[in-house]
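Listed below are the residues making up each chain.
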Amino acid sequence: MNTPYVTLDIQNEVGYIEFFHPAHNSLPGDVLAKLAQTISDAGTNDAIKVVVLKSGGDRTFCAGASFEELININDAATGKVFFSGLANVINAMRKCPKFIIGRIQGKTVGGGVGLAAATDYCMASKFAAIKLSELNIGIGPFVVGPAIERKMGLSAMSQIAIDANTFYPAEWAKQKGLFTQVYDSTEELDEAVKTTAEHLCTYNTEAMLEMKKVFWQGTDDWDSLLAERAQTSGRLVLSDFTKEKLKGFK
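Everything in this summary refers to the structure shown in the same document.

Cut-offs used in this document
- Residues numbered from 1 in each chain as written.
- Predicted model: local features only at pLDDT ≥ 70, side-chain atom pairs only at ≥ 80, totals over all residues.
- Heavy atoms only, no water.
- Phe/Tyr/Trp six-rings, centres within 6.5 Å; stacked < 30°, edge-to-face > 60°.
- Helix = DSSP H or I, 4+ residues; strand = E, 2+ residues; numbered from the N terminus.
- Buried < 20%, exposed > 50% of the residue type's maximum accessible area, 1.4 Å probe, protein only.
- Pairing = 2+ DSSP bridges.
- Axes fitted to C-alpha atoms, helices over the stretch in contact; angles between N-to-C directions.
- Parallel < 35°, antiparallel > 145°, perpendicular 65-115°, else oblique.
- Contact = heavy atoms within 4.5 Å.
- Nonpolar A, V, L, I, M, F, W, Y, C, P; charged D, E, K, R; others polar.
- Salt bridge = Lys/Arg side-chain N within 4 Å of Asp/Glu carboxyl O.
- Core = buried A, V, L, I, M, F, W, Y, C linked by side-chain atoms within 4.5 Å.
- Polar contact = N/O pair within 3.5 Å; in protein donor to acceptor, adjacent residues only side chain to side chain.
- Expected span 1.5 Å × (residues − 1).
- Arc of directions from axis to C-beta.

## As for the packing of aromatic side chains
Enumeration according to the criterion identifies 6 aromatic pairs in this entry. Ring geometry for F99 and F215: centres 5.9 Å apart, planes at 25°, overall stacked. Here F99 is found in the loop between α3 (76-95) and β7 (100-104), whereas its partner F215 is found in helix α9 (residues 205-215), with 116 residues between them in sequence. Judged by its relative accessible area of 39%, F215 is partly exposed.

Written as structure tokens, this is what we have:
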């Protein structure tokens, strides 16, 4: 399977949202738009009580922004639109009235760390090392920063944002609050995700909705905040420094 996709599969009142891209589950604009819409749809679907966010394949959860699209950005407006795609997904997750469980089976980079941080309860395998590589190409984790800082704290977010070459192990991410549990295999992870999600379906839906509001208190300004951050990234991606760096990825 080499065709990008976003799917929603409902089993036992759990909505499993899966995204895939052959380039290590990177996120081009069309995948981001479909992902945001699918999360919003799951939020209003009465057949779903709990959402699970996962990706296809076994090596990489998400490689972040699509370098292919980054290389082709030639003006600030296009740059803002591109980075707004990720902002829209994070805001869709924030506004979704249902708990979103993250299933992180492998390495996750940049925007992928932001997706993991925007879930309400994130479970991972020991292969789920994380890295914020944006500074390497002359930009920064501006759009995903608020989600990561909210979950891990400013200190941990600053550390991985500055140390942009290093993959931090899943156990470290667990200690910093990004992951709730780390499992030795993908099979164990999947079993635990299924058990947790189906157990949550037995709880009072209204209570979970009210809890979600509490968890995300103080983020009402994120529509405008993440749009501003997308503008910053869109401007920086046009710099000579970044253009030169991106040539190396062609």
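## With respect to the sheet that holds strand β10 (residues 130-131)
Taken together, 3 strands build an open sheet; the order of strands is β5-β8-β10 and the sheet is parallel. Across the chains shown, the open sheet's two edge strands, defined by having one partner strand only, are β5 (60-62) and β10.

## Structural notes on the packing of helix α5 (residues 145-152) against helix α10 (residues 222-236)
Where α5 meets α10, the closest approach of the two axes is 10 Å, and the angle between their N-to-C directions is 120°. In this view, α5 runs oblique relative to α10, as classed from their interaxial angle. When α5 is examined against α10, the residues G145, P146, A147 and R150 are found in contact with a partner set consisting of W222, L225, L226 and R229. Taken together, the residues of the contact of α5 with α10 break down into 5 nonpolar, 1 polar and 2 charged.

## Things to note about the sheet that holds strand β1 (residues 5-11)
Pairing is mixed in the open sheet, where 6 strands are placed in the order β1-β2-β4-β7-β9-β11. The sheet terminates laterally at β1 and β11 (181-183), the two strands that pair on one side only. Between one strand axis and the next, the sheet turns by 20° as a mean value, whatever way the strands run.

## Comments concerning the pattern of salt bridges
Counted under the stated rule, the structure contains 9 salt bridges. The closest approach of N and O atoms between K194 and E198, which form a salt bridge, is 3.4 Å. Of this pair, K194 and E198 both sit in helix α8 (residues 186-200), 4 residues apart, which is roughly one turn of that helix. Overall, E198 belongs to the partly exposed group, its relative accessible area being 22%.

## Regarding the nonpolar core
Counting residues in hydrophobic clusters, the biggest one holds 64 residues, and the most contacted among them are F19, L35, I39, L115, I130, L178 and F179. Take this core: its biggest share by element is 8 residues, from α3. Sequence-distant contacts of L35, defined by excluding residues within four places in its chain, comprise V6, I17, F19, L53, V89 and L115. With 15 residues, the next largest nonpolar core counts V52, L189, A197 and L200 among its residues.

## Description of unusual backbone geometry
We note that E13 has phi near 70°; this positive angle belongs to a residue other than glycine. Its location among the elements puts E13 in the loop between β1 and β2 (14-20). What makes E13 partly exposed here is its relative accessible area of 35%. In this structure, N25 is a non-glycine residue whose phi angle is positive, near 55°. Since its relative accessible area comes to 2%, N25 is described here as buried.

## As for the side chain of E18
Tracing the backbone shows E18 in strand β2. Using a relative accessible area of 17% as the deciding quantity, one classes E18 as buried. For E18, the side chain forms a polar contact with the side chain of Y5, separated by 2.4 Å. Non-local contacts of E18, meaning those with residues more than four positions away in its chain, are made with Y5, V6, T7, K54, S55 and G56.

## Considerations on α8
In this model α8 runs 21 Å from its N-terminal to its C-terminal C-alpha over 15 residues, within 8% of the 21 Å that 1.5 Å per residue would give. Considered for burial, the residues of α8 that qualify are T186, L189, A192, V193, A197 and L200. All buried residues of α8 project into a common sector of 125° when viewed along the axis, lining one side. Looking at the packing, one finds that the buried side of α8 touches β2, β4 (50-55), β7, β9 (121-125), β11 and α9.

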